Number of protein chains: 2
Amino acid sequence: MTTASATRPPGHTVRRPLRPTTKVLPGHARQHNRSLVLQGLFHTGPMSRADLARETGLTRVTVSDLVAELLADELVEELGLRPESRVGKPATIVGLRSGAAHIVCLDLSDEACMLGAVLDLSGAVLHRRLAPLNGRTGEAAYDVVVALCRELVSVAGRPVLGVGVGTPGVVDAAGAVLRAPNLGWTALPLAQRLSNDLALPVHVANDANAAALGEHTFGGAAGSGLMVLAVGKGLGAGLLLDGDLHRGHHNAAGEIGHVMVDPRGVACACGRRGCLETILAAPALRARIGGLDRRAANATLASVGRRLGGALALIVGALDLREVVLSGPVDLLGGSLRDAAHSEIRKRSMSIVGDELDLRMTRLGADVVLAGAAVLVLSGQLGVS
Amino acid sequence: MTTASATRPPGHTVRRPLRPTTKVLPGHARQHNRSLVLQGLFHTGPMSRADLARETGLTRVTVSDLVAELLADELVEELGLRPESRVGKPATIVGLRSGAAHIVCLDLSDEACMLGAVLDLSGAVLHRRLAPLNGRTGEAAYDVVVALCRELVSVAGRPVLGVGVGTPGVVDAAGAVLRAPNLGWTALPLAQRLSNDLALPVHVANDANAAALGEHTFGGAAGSGLMVLAVGKGLGAGLLLDGDLHRGHHNAAGEIGHVMVDPRGVACACGRRGCLETILAAPALRARIGGLDRRAANATLASVGRRLGGALALIVGALDLREVVLSGPVDLLGGSLRDAAHSEIRKRSMSIVGDELDLRMTRLGADVVLAGAAVLVLSGQLGVS
DNA sequence: GGCGTTAGTTAAGCGTCCTTACATATCAGC
DNA sequence: GCTGATATGTAAGGACGCTTAACTAACGCC
């Protein structure tokens, strides 16, 4: 392969590519373009076929064809002629039927109680249900999930597009829960089993990852480079880079709760000391400010914020993030903790990166994970996100 | 859009998607599949059309067609019948003609001297040229680049597939150098100008990013999740996540040299104190171990390694990386610094992540950036990486 | 030599998108 | 009200890409 005179760097071996790129057929292109049309309607709202053609770059002919297909699937509907009067033939507006189908969403991040909801295609929450765990784990916890799903499916008035689940633990790309200590799940093929049991498409992701998706699609995240820090009993993060969820080599990306930041810190449940979780998780924070007056509590929260900022500066700097979003108890995170973390990050990073960085609470409140679960389904079933 | 009874999370707004996905035509699919064939030959080596069909998932008919196209382009060649004897008609082996075209590669990371080389398609270095800068910056430095390229193009014995450049500074996806203080470049559309001046395809990336690509494709990087830490006069990093270069919101991903890790540290050229670069850059390291005996020097390097490990643990943990590769002076980085950093990362991260993490020197030595520049061209022109 | 197996090609068909042409419906100006 | 310009949407025909089915070529095995 190499000419004799060539010098070759030492150890110069060629390995297989990582992204196992697969073949693309004309039919896949069709699917992609169909999603493109839906995406346009989803994000920009109702418009004419000609508008869609301009937006997607496809011809009017092709767009008409795709729209006809979507009309047949009852995913979009004609909304009559465009009200404003212009030169030329009046345009027929087509819009996404946000009630065309419903999405069943689960948020399993609460230890005590599973949270379920029915959402429409626009992300609006239509119904809610709670399912207390009462300490059940493993197979029993799975049974709770199935029962909750069945209940929600029966409550949904429309055909169900799919089921989305945000769960704590490590989840692989196929929707199998590799490890979720709190729920007692190990290598549970959750998406596959649920899909079998419910006869519906099921998409599963880590809760913090789902939160990142939700914040991006429904929380109006500004652009590429988003990290959601989910603070609850533990601490997790979800990373959305270049519009894609980053999963990591062991599907453990964002699992920063047990990264040690202070070798002389407090003992952690994981057996080491000074994990980020010993500083930032909700119980730890409540314990530290319990009994303090307002001012002292704020000072304490600010000092935690500064330490968080010190840790985040490295991640923000390495990834050149645009936004860091906090999800969790607003009373703990939303005030001086956030402010201190923000200014600490700015102090520690290069100005271009730091100056434009947003550090804020989630705009979706406690529904981030539900919204993210919906995005999993929208993205998986319709190619919309 | 929302039914009246629906409850909607506060601030629930729908924004436009970030990945501005564009239309896909059948012709694009063809291009993709053509790359798939090349990719197979590049990574797995010569094989028969039938083998390629099995590997790509395409039919033998389609593969034959694609191979015919590649034969006409003289990118691949028939290597005769397969030597081993099996049942059935003997297979005709086709292989990539690594000498079919040459690639002109530039490494601008050295302050004093630009480094250029001609590589073949297998990444072997065929010719080298140096171009001393003698303090030239701005337009004069650009002239050196052009002259170096012209020289290398004239030296290359084959048609030149393209020009790849790894340069310090912030580079956008179009190959424009937004800021490169050392070279005195600001908003220089390097790829575009070079492409005009040379009448060749030109691909430009940050040097550390190029190094990451080079290490991945030619250094046998293990899989998804690679960070290359380029230690020289300054400090930069390149991140390869899920097979894609991560550029960041300001194209500044990996610019961690000026992230502050120690507010009470040494003053940095950037005006702040305790930047990572004040600890890890080559001049700083040399200054610290200068005059020390072997043991003391190793202890010093180990302490730097521990601090590096503390910083890296967060990044490795957040991204769930598989490999961190050091590029730079082996005498400084390759010994106790590396060992200390490695063990510190393991100590600080969750075992699943830390246990499988590799932290090693680059396998390509000083040629990483050149190799990466070649990958830019291979990937951009042939879809191979 | 017959049979099964594998490699590669040829022919026909289907799907996808494009270009071109046309029908439809409005506005602006006379 | 009529005409010309402009814009939307559809119809027909063609180019391209992949597939299936059928065929030829060449080998090992019995």
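Look a little higher up for the structure.
Residues numbered from 1 in each chain as written. Chains lettered and ligands numbered in written order. Predicted model: local features only at pLDDT ≥ 70, side-chain atom pairs only at ≥ 80, totals over all residues. Heavy atoms only, no water.

Draft legend 1. Expanded view of the protein's contact with DNA strand C. Within the structure, DNA strand C sits among 27 residues, and Arg-30, Thr-62 and Ser-85 of chain A together with Ser-64 and Lys-89 of chain B are positioned closest to it. For DNA strand C, the backbone portion of the atoms within 4 Å of the protein, that is sugar and phosphate, comes to 73%. The contact in question runs from a phosphate oxygen of DNA strand C to an N or O atom on the side chain of Ser-64 of chain B, over 2.3 Å. The contact in question runs from a base oxygen of DNA strand C to an N or O atom on the backbone of Lys-89 of chain B, over 2.6 Å. Elements with a contribution of two residues or more to the surface near DNA strand C: helix H1 (26–44) and helix H3 (60–72) of chain A together with helix H2 (49–56) and helix H3 (60–72) of chain B. (Near = heavy atom within 4 Å. Polar contact = N/O pair within 3.5 Å; in protein donor to acceptor, adjacent residues only side chain to side chain. Helix = DSSP H or I, 4+ residues; strand = E, 2+ residues; numbered from the N terminus.)

Draft legend 2. Just the packing of aromatic side chains, in detail. Residues and elements named next belong to chain A. Applying the stated criterion across every chain, the model contains two aromatic pairs over all chains. Ring geometry for Phe-42 against Phe-218: centres 6.0 Å apart, planes inclined by 70°, an arrangement best described as edge-to-face. Of the two residues, Phe-42 sits in helix H1 while Phe-218 sits in helix H6 (residues 207–218), which places them 176 residues apart along the sequence. Accessibility classification places Phe-42 together with Phe-218 in one group, the buried group. Across the ring face of Tyr-142, the terminal group of Arg-193 is positioned such that the distance to the ring centre comes to 4.1 Å. (Phe/Tyr/Trp six-rings, centres within 6.5 Å; stacked < 30°, edge-to-face > 60°. Buried < 20%, exposed > 50% of the residue type's maximum accessible area, 1.4 Å probe, protein only. Lys NZ or Arg CZ within 6 Å of the ring centre and 35° of its normal.)

Draft legend 3. Seen up close, empty space enclosed by the protein. Residue and element names in this part refer to chain A. For the structure shown, the criterion picks out five cavities of 30 Å³ or more. If you add up the space inside the largest cavity, you get close to 70 Å³. Forming the boundary of the largest cavity are Gly-169, Val-170, Val-171, Ala-205, Asn-206, Asn-209, Arg-247, Asn-251, Ala-252, Ala-253 and Glu-255. Contributing elements (two or more residues each) for the lining of the largest cavity: strand E8 (170–171) and strand E11 (202–206). (1 Å grid on protein atoms, 1.4 Å probe; cavity = no way out; pocket = protein on both sides within 12 Å on 5 of 7 lines; lining within 4 Å. Points joined across faces, edges and corners; volume = space filled by probe spheres on them.)

Draft legend 4. Structural view of unusual backbone geometry. With a phi close to 60°, Glu-74 of chain B is a non-glycine residue in the positive phi region. Among the secondary structure elements, Glu-74 of chain B is positioned in the loop between H3 and strand E2 (76–81).

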